[in-house]
Structures are given as structure tokens and as C-alpha cells.
Amino acid sequence: MGGSSPCASCKLLRRRCAKDCIFAPYFPSDDTHKFAIVHKVFGASNVSKMLQELPVHQRADAVSSLVYEANARVRDPVYGCVGAISFLQNQVSQLEMQLAVAQAEILCIQMQQEPNLPTHQIDQVDKSFLLSTNNFDNNNIPQYLSFASSSNVIQDPLKRESLWT
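Reading the values: rules and limits
- Residue numbering note: each chain is counted from 1, following its sequence as written.
- Only residues with pLDDT of 70 or above have their local features reported here, since the model is predicted, and side-chain atom pairs are shown and tallied only from 80 upward, although totals for entire chains, interfaces and linings are computed over all residues.
- The basis for the side-chain values is all heavy atoms of the structure; hydrogens and waters are excluded.
- UniProt positions are given in the numbering used here, feature names are shortened, and annotations may be inferred rather than shown by experiment.
- Secondary structure elements are defined from DSSP: runs of H or I of at least 4 residues count as helices, runs of E of at least 2 residues count as strands, and each element is numbered from the N terminus.
- Exposed residues in this analysis have more than 50% of their type's maximum accessible area, buried residues have under 20%, and partly exposed residues fall in between, with area computed by a 1.4 Å probe over protein chains only.
- By definition in these notes, contact holds between two residues if any of their heavy atoms fall within 4.5 Å.
- Residue exposure ignores everything except the shown protein chains as possible cover, and the areas themselves are Shrake-Rupley values with a 1.4 Å probe.
- In this scheme Phe, Tyr and Trp rings, the latter by its six-membered ring, pair at centre separations within 6.5 Å, and the angle between planes marks the pair as stacked below 30 degrees, edge-to-face above 60, and tilted otherwise.
- Among buried residues, the Ala, Val, Leu, Ile, Met, Phe, Trp, Tyr and Cys ones that are joined through side-chain atoms within 4.5 Å form a nonpolar core.
- A helix is expected to span 1.5 Å multiplied by its residue count minus one.

If you check an unreviewed UniProt entry, the chain appears there as LOB domain-containing protein from Castanea mollissima. Recorded in UniProt under Sequence similarities (unreviewed entry), the annotation for the chain is "Belongs to the LOB domain-containing protein family."

Quick look at the structure:
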């Protein structure tokens, strides 16, 4: 920044760092990798234009976002951060399904322990499934109802496609 140590951008681009360098506040000289990855993915000229168009108070957040997106794009050149988002959405969906199965199992156990509860709202098909002890004996528990360890994860044989693919 005009002084003894140029910013990471000016170091990488091998130019003199001016006092009003737009990169200096966001890419310090001791963190050259951060600018290198952003430069590789977006280009220094494009990043400079983006930063100049933003108000000063939003630039730090923009640089943080650019660094995140550039890292994601390097890790996954095709999908970038959208691939990470899709993966996490799929994981949330699987966990919601596991939660629903666990809640259903809890309800079944409660129904077995208290058979005198009023069940007039449950039709005959649901009642026979919920109250059936054959569905839940230890030899016949389906894989997705076994919660003995945290490594049991529902494995969907159809592997639902992501919205992003």
C-alpha cells in the first residue's frame, strides 16, 4: 500500500502498490493465496470492476463471498458452490426422513405401551400397522428403523436426483 509491503494483488501481479489500491484493504500482503485463487477464477480486472461498483461498506463482504466461491469452484469446477448447496440440501432431506421415521417409531412404542388410549381417529389399517408387534420384533426391524448407532443412515436405493443436476 505505497509503503514497504505491497498487497497480495500487487505482489502476484508484480506491480507497484499505489496508495489508493482497491485490493490492499481486502488482500493483505501476508495472505497471497486468497488473492491468487480469486484471480485464477475471476480475474483481477473483473474483481477490480466489481469492487469499484460497490459501496465501500459492502466490499469486505463481497471479497469474502468471492473467496468462498472461488474456493468452491476450484474444488468442484462444474458445480462450484451450487454443488455444495445441493449436497447439503440432500443431507437435510435425508435427516428429515430419519427424524420422521424416528418419530413414527416413538409413536408406535407409545401406542404399544398404552393400548387403552382412544384411537377413534386412526382408521383400521393404520391401527393394525401401529399396534402390530410383528412389525417391530428385534429380528424383523427394517434397516432404517435401527437407531442403535449414529452410523445408520437411510440409504435410498434410487438416489434421488438433485434439482441442480
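> Teacher, can you tell me more about the overall build of the chain here?
Within the chain, the regular secondary structure consists of six helices and zero strands. Ordering the α and β elements of the chain from the N terminus gives α-α-α-α-α-α. For the chain, buried positions account for 25% of its 165 residues. Long-range contacts, defined here as pairs at least 24 residues apart, represent 44% of the contacts in the chain between residues at least 6 apart. Counting every atom, the chain has about 11900 Å² of accessible surface; 55% of that belongs to carbon and sulfur.

> Honestly, the packing of aromatic side chains in this entry has me stumped. Any pointers?
Each pair of aromatic rings is reported with the distance of its centres and the angle of its planes. What the rule picks out here adds up to three aromatic pairs. Considering the side-chain rings of phenylalanine 27 and phenylalanine 35, the 5.1 Å spacing of their centres and the 75° angle between planes classify their relative orientation as edge-to-face. With a relative accessible area of 0%, phenylalanine 27 lands in the buried category. Among the aromatic residues, those joined into a ring-pair cluster are Phe23, Phe27 and Phe35.

> Sorry, what's going on with the nonpolar core here?
Side chains of a nonpolar character, in soluble globular proteins, are inclined to be buried together. Ranked by size, the top nonpolar core spans 21 residues in total, and within it Cys7, Cys21, Phe23, Phe27, Val38 and Leu51 carry the most contacts. For this core, the secondary structure elements donating two or more residues are helix H1 (8-13), helix H2 (32-42), helix H3 (44-53) and helix H4 (56-75). By residue number, the principal contributor to this core is H4, which donates five residues. Apart from residues lying up to four places away in sequence, phenylalanine 23 is in contact with Cys7, Ser9, Arg15, Phe35, Ala44, Val47, Ser48 and Leu51.

> Hey, could you run me through helix H5 (residues 81-113) in this one?
Taking 1.5 Å per residue as the helical rise, H5 with its 33 residues ought to reach 48 Å, and the 48 Å between its terminal C-alpha atoms agrees with that figure. All of the buried residues along H5 are Cys81, Ser86, Gln98, Val101, Glu105, Cys108 and Met111.

> Looking at this model, I keep getting lost on the environment of valine 38. Mind explaining?
Mapped onto the fold, valine 38 is located in helix H2. Residues contacting valine 38, with those up to four places away along its chain left out, are Phe27, Gly43, Val47, Leu66, Val67 and Ala70.

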